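Structural characterization, general
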Amino acid sequence: MTPETYMKCYHGSCACDRCAAEADACPLEAEASCPCSQNQPVTPEVEPDCCCKASMAEALRLLCSERLAELVDFNAFFFLTDSLAVGSPLSVPGADTDNITTPTATLERFSPCNCDLLDVNGTAYFAVPGTTSVAMEAVDQLTLCSLKAVAFQILEADCPRDCGDSNYDRAVRAIRRAIRAEGGSTGACGTCGAHCNCDDCCCAAGIVRELSTRNLSRMATLTAGPLVLQNVTVLGSLGSALVLADEALSRFYLVCANAVEAIG
């Protein structure tokens, strides 16, 4: 961080109109979507081997909207990197929808004026299905570049699930509206050619198209490293981040498309 940036962030105003509007509604605190620039939001630069960073940031920022913030349990998150499972150990895949045990990590915010880092709170386990070996007792930050998948829980509604307006249903509608508003674009890594900034981007675009258009049921089974998702609903994509959900668990998933290794 340059001295000029430091002075802006910590001895000046790091507020913008969008931040001020969202500050009261967003459990992640105002810094979550407040960039150092007072004119426009900061979008993480796409770096080699980091195709999903900007897309994950875009997807996670959806949770700061008033419509979604009141539905999400910010103390029931799971984060997957190449080596770590933060918030829950991974079980051996079976008949369940996923092999996440109980997500218990907390998503706090994007680090103030640094969109490359997430402030979190949780235990890191080695990402090996069937082991509960702890890699780090208390994780405070994760790099967006390292994230392969995120899972989060929806709060239970007061009314029964069959009342027609469960929190899960409300969250699905809100996320679908947000994806449509963003145009369901595939972002900087969306197409092969000039916009392809790293080796895996073109593969990611193909996976997004496959999962978004291959069937009418919008159901998919896939693996992303050691994470296995079975018969989840494909809601769409934001950039290279797939947005998936499971009604029985009231759980949503953000999966980096270029981390997907197999599709069932």
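Structure report, in brief. As the structure is a computational prediction, the values presented were derived from the model and not from experiment.

Structural notes on the overall build of the protein
A count of helical and extended segments in the protein gives 6 helices and 11 strands. For the protein, restricting intrachain contacts to residue pairs at least 6 apart in sequence, the fraction spanning at least 24 positions comes to 63%. Split by element, the accessible area of the protein, about 12200 Å² in all, is 49% carbon and sulfur.

Concerning the packing of aromatic side chains
Applying the stated criterion across every chain yields a total of 5 aromatic pairs. Summarising the aromatic geometry, the rings of F74 and F77 are spaced 6.0 Å apart at their centres and angled 20° between planes, so their arrangement reads as stacked. Residue class for F74 comes out buried when judged on its relative accessible area of 10%. For the ring pair F77 and F79, a centre distance of 5.8 Å and an interplane angle of 20° mean the geometry is stacked. Each member of the pair, F77 as well as F79, carries the same accessibility label: buried. By the ring-pair criterion, three or more aromatic residues cluster together here, those being F74, F77, F79, F152, Y168 and F252. Over the aromatic face of F110 sits the side chain of R61, whose NZ or CZ is 4.9 Å from the ring centroid.

A word on the nonpolar core
With 66 residues, the main nonpolar core has F77, F79 and F252 as its most contacted residues. Looking at this core, the element that brings in the most residues is helix α5 (residues 167-182), giving 7 residues. The residues contacting F77, other than those within four sequence positions of it, are L63, V72, V86, G87, P103, T104, A105, L107, V150, A151 and F152.

Digging into the pairing of strand β8 (residues 227-238)
Counted residue by residue, β8 has 10 buried out of 12 residues, so it is predominantly covered. The pairing of strand β7 (residues 219-224) with β8 spans 5 bridges and is classified as antiparallel. Counterpart to M219 in the pairing with β8 is T233. Here β7 hands over to β8 after 2 residues, with G225 in that stretch at a positive phi of 65°. Relative to strand β9 (residues 241-246), β8 runs antiparallel, the two being bridged by 5 bridges. Its bridge partner lying in β9, L238 is registered against A241. The turn joining β8 and β9, which pair antiparallel and follow one another in sequence, is formed by 2 residues; a positive phi near 60° is taken by G239.

Definitions and cut-offs
Numbering of residues starts from 1 in each chain and follows the order in which that chain's sequence is written. With the structure being a predicted model, the display of local features is reserved for residues of pLDDT at least 70 and the display and counting of side-chain atom pairs for 80 or more, all residues being used for whole-chain, interface and lining totals. Note: side-chain values were computed over all heavy atoms of the structure, leaving out hydrogens and water. Numbering goes from the N terminus for both helices and strands, where a helix is a DSSP run of H or I of at least four residues and a strand is a run of E of at least two. Should any heavy atoms of two residues lie within 4.5 Å, those residues are counted as being in contact. Values of accessible area rely on a 1.4 Å probe in the Shrake-Rupley scheme; residue burial ignores everything except the protein chains shown. Here is the rule: rings of Phe, Tyr and Trp (six-membered ring for Trp) pair when centre to centre is within 6.5 Å. Planes less than 30 degrees apart are stacked, more than 60 are edge-to-face, and the remainder are tilted. Buried, partly exposed and exposed residues are distinguished by accessible area as a fraction of the type maximum, computed with a 1.4 Å probe on protein chains only: under 20%, between the cut-offs, and over 50%, respectively. For a ring to carry a charge above it, either NZ of a lysine or CZ of an arginine must fall within 6 Å of the ring centroid while also lying within 35 degrees of the normal to the ring plane. Among buried residues, those of type Ala, Val, Leu, Ile, Met, Phe, Trp, Tyr and Cys that are joined through side-chain atoms within 4.5 Å constitute a nonpolar core. One bridge is not enough; two strands pair if DSSP finds at least two bridges between them.

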